[in-house]
Amino acid sequence: ALSTILAPLAAHAAPSIAPDTPDTFHDADSTFDYTRTSVMIPMRDGVHLHAVVLAAKSLPAGRTTAPIMLERTPYDAESMVGHGNADGAMLVRGYESTLLRAGYILAFEDVRGKDGSEGDYVNERPLHGPDNPTPIDHATDAWDTIEWLTHNVPRNNGRVGMIGTSYDGMLVAMALTHPHPALKVAIPANPVINTWMNDDDFHGGAFRMIGYDYYYEQDAARGDSGDLWRNDYDDYTTFLHAGSASGFVAQHGLEQLGFVRKLHDHPAYDGFWQAQALETILPKTPITVPTLWIAGQWDQEDMYGAVAAFEALRPHDTHGLEHLVLGPWHHGGWASSGASLGPIQFDSSTGLWFRQSVLLPFLNAALVPGSPPANLPPVLAFQTGTNTWQHLGNWPAAKPSRALYLQPDGGLSFAAPATGPASDAYVSDPQKPIPYRLRPIRPTYAKGSTWHDWLVDDQRPFSDRTDVLTYETAPLDHAVTIAGAPVADIIAATTGTDGDFVVKLIDVYPDEDPDAPELSGYQLPIAMDILRGRYRHGFDHAEPIPANQPQTYRFALPNVDHAFLPGHRIMVQIQSSWFPLYDRNPQTFVPNIFDAKPKDFRKVTIKVFHAPGQASAVMLPVVP
Ligand code: PG9
């Protein structure tokens, strides 16, 4: 037979060589000071969720049990945990090694449908309700997880804390709507609380196109799908060539992703988004869990959520369990040193100090019996400018009641405008949108991207553009301190029937700054945001703008605690695009901007008024 003839040949033709890669590599972990266990945790519907549990081999002297800190995540629990001794800080991120050294047990769990967990993935799976008719949500999954951990993890003391940043912070917030009795403390850091309302996906109704990279990476597969392809190095070119948000979606096949379709189908703040707003859902549950909401003044992703949730809960907080910390941080910056952001220095390691002096005592007080009370004030806020921490009784510390008026000739002052030209005008050309930062603009999550610092970018490259209006005060003779959310109150007319308004509140450093010469003349953004004009009368419905008729555009800027120091100036810039962070407004009203066609994109002239009776201003929450 042929096989008898070929067999000796095959043996002769295929000599073997031993592979260098073993079938399975077992970590040599005998020197590690912790144990690392992967577990599958059963949920009430039979789905198992995968978690990694780290426990210190020896507990601090005098202790026989330890509390559990749980982080639930769509970002791959296994990859959140490295290798090496806890002391080497190679194992987990900074604050987590601190906890491990303090004897805490750490559990990282993949949410259902992601990475090692079973089940289906729904992005930001809504809590049970109109958008989620099933009985399963992140609150029940957190409950079931805590139930299992407290009954199965050796040497745990029956007390659990939850922590997480961003999406993971949202998961902490969701667990608070149905808290397991063993949940004793919660740290929602930079949480997504309302992705339509100024967290990740929309700001003032304008769509943030960076979401597409995220949804591809997260939702295209159970694991991480990696970076979405590009034909151009500069995202400004990439998105301009795509024509519109939907053009980019079509080019990349992103309509296959469920959440991308939901974004397209719900451009306004309709019932779909309203039903998920955690700041309205959270206050319906009695407050029983001490909670510390972490916010960053320059959070480039979820600048809304933490403060919105705290403000919504505070009136219901009869036992003083709700706390807010507002630090000078980018998204998640509290977990870094926090000594600087871009070129701005804060005179101390704000992140490190916060973790050691605030976070750990707060957790210990709730989780380690016998620990002293944390004595944390309701609000701890870092005042930038003076670079000092402040203990506050509530937030905001001041209402936006002091008008800073635009004046003729680029002036800005606390006195209402009296005389002079009544308005300034600029041409907004959607074929040449204003870049939101200096080009080339790299994809947000690309290697080497400095996306996390962009909210402190020097605004000088934009202030002299003919399509940006710039107003500034004289150098201040005394400090102006603000603590709250400034409100833009702009009166403007456009020759188009839709349009965006970007308002930037800026601290202009002295022309010659002997203390920091490299910052001389720096235009530091303090609070900036955008409003899509079609939503000027309500986010739940789009309404065309009547051409050439002055309209009021009133919207809140992000929360800040800042002192404009003597010798500095305050500046306001106004413009009508911020690309490609936000999709372009065609400036012609179309029912759904995602469907705008090339012919809809029109050049328009915009007039901003600063006349008596038509005085545009930024309302500042000035602290007396
Ligand atoms: N802010 C992140 C996020 C982006 C997009 C959608 C949902 C969340 C995050 O870092 O988790």
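A quick note: this is a predicted structure, and the numbers were derived from the prediction, not measured.

Visitor: Even after reading the chapter, I still don't get the pairing of strand E14 (residues 388-392), so can you show me in this structure?
Guide: Remember that side chains alternate between the two faces of the sheet whenever the strand is regular. Note: strand E13 (residues 379-383) against E14, five bridges, orientation antiparallel. Residue Phe382 lies in a different strand from E14, and its bridge partner there is Trp389. With antiparallel pairing between neighbouring strands as the criterion, E13 and E14 make up a hairpin whose turn holds four residues, including Gly385 at a positive phi of roughly 100°.

Visitor: Looking at this model, I keep getting lost on the site of the ligand. Mind explaining?
Guide: Every residue lining the ligand is accounted for by Tyr75, Glu124, Ser166, Tyr167, Val192, Asp200, Tyr214, Tyr215, Glu301, Asp302 and His331. Contact distances for the ligand include 2.8 Å between a nitrogen atom and a side-chain N or O atom of Glu301. Across the complex, the protein chains shield 93% of the 300 Å² of accessible surface that the ligand would expose by itself. Within the shell around the ligand, the residues separate by chemical class into five nonpolar, two polar and four charged.

Visitor: Explain the sheet that holds strand E18 (residues 469-472) to me, please; I cannot follow it from the model alone.
Guide: Two orientations exist for strands paired in a sheet by backbone hydrogen bonds: parallel and antiparallel. On the basis of which strands lie adjacent, the open sheet formed by four strands has the order E18-E25-E21-E22 and antiparallel pairing. Each having just a single partner strand, E18 and strand E22 (523-532) make up the two edges of the open sheet. On average, each strand axis in the sheet is inclined to that of its neighbour by 15°, with strand direction left out of account. For E18 and strand E25 (residues 569-575), the ladder comprises four bridges, and the chain directions are antiparallel. Opposite Leu469, over in E25, you have Ile574 as the bridge partner.

Visitor: Please clarify how the environment of Lys504 should be interpreted in this entry.
Guide: By the secondary structure assignment, Lys504 is in strand E21 (residues 500-508). Note on Lys504: relative accessible area 1%, which makes it buried. Measuring from C-alpha to C-alpha, the distance between Lys504 and Gln575 comes to 8.9 Å, with 71 residues separating the pair along the chain. Contact partners of Lys504, with chain neighbours within four places excluded, come to Gln459, Phe462, Ala527, Met528, Met571, Val572, Gln573, Gln575 and Trp578. Polar side-chain contacts of Lys504 include one of 2.9 Å to the side chain of Gln459. A polar atom in the side chain of Lys504 sits 2.9 Å from the side chain of Gln575.

Visitor: I'm lost on the side chain of Ser616 in this one. Help?
Guide: With respect to the element layout, Ser616 can be found in the loop between strand E27 (614-615) and strand E28 (617-620). Residue class for Ser616 comes out buried when judged on its relative accessible area of 0%. Among the polar contacts listed, one links the side chain of Ser616 to the backbone nitrogen of Ile491, at a separation of 2.9 Å. Sequence-distant contacts of Ser616, that is, excluding residues within four places in its chain, are made with Leu404, Tyr405, Leu406, Asp489, Ile490, Ile491, Val608, Phe609 and His610.

Visitor: Any chance you could explain the layout of surface pockets here in plain terms?
Guide: One simple way to see leftover space: roll a probe sized like a water molecule over the atoms. One number sums up the size of the largest pocket: a volume of about 940 Å³. Tyr75, Ser166, Glu301, His331 and Tyr445 are the residues nearest the centre of the largest pocket, which is lined by 41 residues in total. Among the secondary structure elements, those contributing two or more residues to the lining of the largest pocket are helix H5 (167-175) and helix H6 (211-219). Among the elements that make up the lining of the largest pocket, the one with the highest residue count is H6 (five residues). Its residues placed into classes, the lining of the largest pocket shows 14 nonpolar, 14 polar and 13 charged. Taken as a whole, the second largest pocket encloses approximately 420 Å³ of empty space. Residue lining of the second largest pocket: 20 residues in total, with Tyr304, Ala485, Ala556, Leu557 and Asn559 positioned closest to the centre. Tallied by class, the residues present in the lining of the second largest pocket amount to 14 nonpolar, three polar and three charged.

Visitor: Got a minute to help me understand the packing of aromatic side chains in this structure?
Guide: For any two aromatic rings, the description comes down to two numbers: the centre-to-centre distance and the angle of the planes. Here the structure, examined in full by the defined rule, presents 32 aromatic pairs. Consider the rings of Tyr215 and Phe259, whose centres lie 4.8 Å apart with planes at 45°: the pair is tilted. Of the two residues, Tyr215 is situated in helix H6 and Phe259 in helix H9 (residues 258-265); the sequence distance between them amounts to 44 residues. Look at Trp334 and Phe354: their rings are 6.3 Å apart centre to centre, the planes differ by 90°, and that puts the pair in the edge-to-face class.

Visitor: Even after reading the chapter, I still don't get the pairing of strand E20 (residues 487-494), so can you show me in this structure?
Guide: Most of E20 is tucked away, with eight of its eight residues classed as buried. Side-chain alternation along E20 places Val487, Asp489, Ile491 and Ala493 on one buried face and Ala488, Ile490, Ala492 and Thr494 on a second face that is also buried. Note that E20 and E28 share three bridges and pair antiparallel. Paired with Asp489 across the bridge in E28 is Ala617. With three bridges connecting them, E20 and strand E26 (residues 604-611) associate as antiparallel partners. Counterpart to Ala492 in the pairing with E26 is Val608.

Visitor: In this structure, what is going on with the sheet that holds strand E3 (residues 66-73)? I would like to understand it.
Guide: The sheet built from ten strands is open, its strands ordered E1-E2-E4-E3-E5-E6-E9-E10-E13-E14 with mixed pairing. Only two strands of the sheet have a single neighbouring strand rather than two, namely strand E1 (34-42) and E14. Taking each pair of neighbouring strands and ignoring which way they run, the sheet shows an average axis angle of 20°. Where helix H4 (residues 138-152) meets the sheet, its contacts fall on E1, strand E2 (48-56), E3, strand E4 (105-110), strand E5 (156-165) and strand E6 (183-189), and the angle it forms with E3 comes to roughly 150°. Contacting strand E9 (291-296), strand E10 (322-327) and E13, helix H12 (residues 305-313) runs over the sheet at an angle of about 140° to E9.

Visitor: For this particular structure, what's the right way to read the pattern of salt bridges?
Guide: When the charged atoms of two side chains lie near each other, side chains of opposite charge can form a pair. Counted under the stated rule, the structure contains 20 salt bridges. The partner of Asp317 in a salt bridge is Arg314, and the shortest N-O contact between them spans 3.8 Å. Of the charged contacts in the structure, one is a salt bridge between Glu472 and Arg569, with a shortest N-O distance of 4.0 Å. Placement of Glu472 in strand E18 and of Arg569 in strand E25 is noted, with a sequence separation of 97 residues between them.

Visitor: Where do I start with the nonpolar core in this structure?
Guide: If you look at soluble globular proteins, the nonpolar side chains tend to sit buried side by side. One finds Tyr212, Leu278, Leu282, Trp293 and Trp395 to be the most contacted residues of the largest nonpolar core, which totals 84 residues. Looking at this core, the element that brings in the most residues is H5, giving seven residues. For Tyr212, the contacting residues outside a window of four places in its chain are Phe207, Leu228, Ala245, Phe248, Val249, Leu254, Val260 and Phe594. Core analysis: the next-biggest nonpolar cluster, separate from the first, contains 58 residues, Trp298, Leu412, Ile441 and Val503 among them.

Cut-off values and rules
- Residues numbered from 1 in each chain as written.
- Predicted model: local features only at pLDDT ≥ 70, side-chain atom pairs only at ≥ 80, totals over all residues.
- Heavy atoms only, no water.
- Pairing = 2+ DSSP bridges.
- Helix = DSSP H or I, 4+ residues; strand = E, 2+ residues; numbered from the N terminus.
- Near = heavy atom within 4 Å.
- Polar contact = N/O pair within 3.5 Å; in protein donor to acceptor, adjacent residues only side chain to side chain.
- Areas by Shrake-Rupley, 256 points an atom, 1.4 Å probe, with all protein chains shown as cover.
- Nonpolar A, V, L, I, M, F, W, Y, C, P; charged D, E, K, R; others polar.
- Axes fitted to C-alpha atoms, helices over the stretch in contact; angles between N-to-C directions.
- Buried < 20%, exposed > 50% of the residue type's maximum accessible area, 1.4 Å probe, protein only.
- Contact = heavy atoms within 4.5 Å.
- 1 Å grid on protein atoms, 1.4 Å probe; cavity = no way out; pocket = protein on both sides within 12 Å on 5 of 7 lines; lining within 4 Å.
- Points joined across faces, edges and corners; volume = space filled by probe spheres on them.
- Phe/Tyr/Trp six-rings, centres within 6.5 Å; stacked < 30°, edge-to-face > 60°.
- Salt bridge = Lys/Arg side-chain N within 4 Å of Asp/Glu carboxyl O.
- Core = buried A, V, L, I, M, F, W, Y, C linked by side-chain atoms within 4.5 Å.

None of the figures reported here should be taken as evidence of function without further support.
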